[in-house]
Amino acid sequence: MKDKTIDYVLRTTWLAVNKMYNEEAAQFGVTMATGFALLSIDPEEGTPSTSLGPKMGMEATSLSRTLKTMEEKGLIVRKPNPEDGRGVLIHLTEFGKEKRNYSRDRVLTFNDAIKENASDEELIGFYKVAEIINRMISNKKIYNQKETILK
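Rules used in this analysis
- Residues numbered from 1 in each chain as written.
- Predicted model: local features only at pLDDT ≥ 70, side-chain atom pairs only at ≥ 80, totals over all residues.
- Heavy atoms only, no water.
- Helix = DSSP H or I, 4+ residues; strand = E, 2+ residues; numbered from the N terminus.
- Buried < 20%, exposed > 50% of the residue type's maximum accessible area, 1.4 Å probe, protein only.
- Contact = heavy atoms within 4.5 Å.
- Phe/Tyr/Trp six-rings, centres within 6.5 Å; stacked < 30°, edge-to-face > 60°.
- Patch = residues over 30% accessible without salt bridge, like charges linked within 9 Å, V, L, I, M, F, W, Y side chains within 5 Å.
- Areas by Shrake-Rupley, 256 points an atom, 1.4 Å probe, with all protein chains shown as cover.
- Salt bridge = Lys/Arg side-chain N within 4 Å of Asp/Glu carboxyl O.

A. Looking closely at the side chain of Thr-66. Within the secondary structure, Thr-66 is located in helix α4 (residues 60–72). Under the relative-accessibility criterion, Thr-66 is labelled buried at 11%. Here Thr-66 is in contact with Ala-33, Thr-34, Ala-37 and Met-58, once residues within four sequence places are set aside.

B. Summary view of the packing of aromatic side chains. Across all of its chains, the model carries three aromatic pairs by this definition. Relative to Tyr-102, the ring of Phe-28 lies with its centre 4.2 Å away and its plane at 45°, an arrangement referred to as tilted. Here Phe-28 is found in the loop between α1 (6–26) and α2 (32–40), whereas its partner Tyr-102 is found in helix α5 (residues 94–117), with 74 residues between them in sequence. Phe-28 sits in the partly exposed class, given a relative accessible area of 36%.

C. Structural context of a nonpolar patch on the surface. A grouping of Ile-132, Met-136, Ile-137, Ile-142 and Tyr-143 is seen on the molecular surface, where their side chains present a nonpolar patch of about 500 Å² in accessible area. Note on placement: Ile-132 falls in helix α6 (residues 120–138).

Below you can see the structure in the form of structure tokens.
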């Protein structure tokens, strides 16, 4: 893999992880996006719908579709936010909490399997590189934004 670009390795690895999670989730009639949403919702207090998108890195339209499907499947309920009358809190149903526990177990199984097959040093390096990539992107250190607009 050393002759591949960093973005190629990231993309193909993520696609493999995505496929793996979707295959697991499909056995229970959900998707990886649903599992991620279940894990992002506070199981006790609920979560404001407006904070879910940024928390999950999803666009509002994709999140709306995911939440609608989750509601139709009985995984979540929407309730008015008592602290903000205009807002909505997303709460897990008992069924949603059950599926959340399953999703959490799948994520931890993946995490443990990787930890068993990678050294501490390799994992530290992985996290450091991921942090560098995220920091450079958020600080717009890769592409000159003015230069991109002018082309």
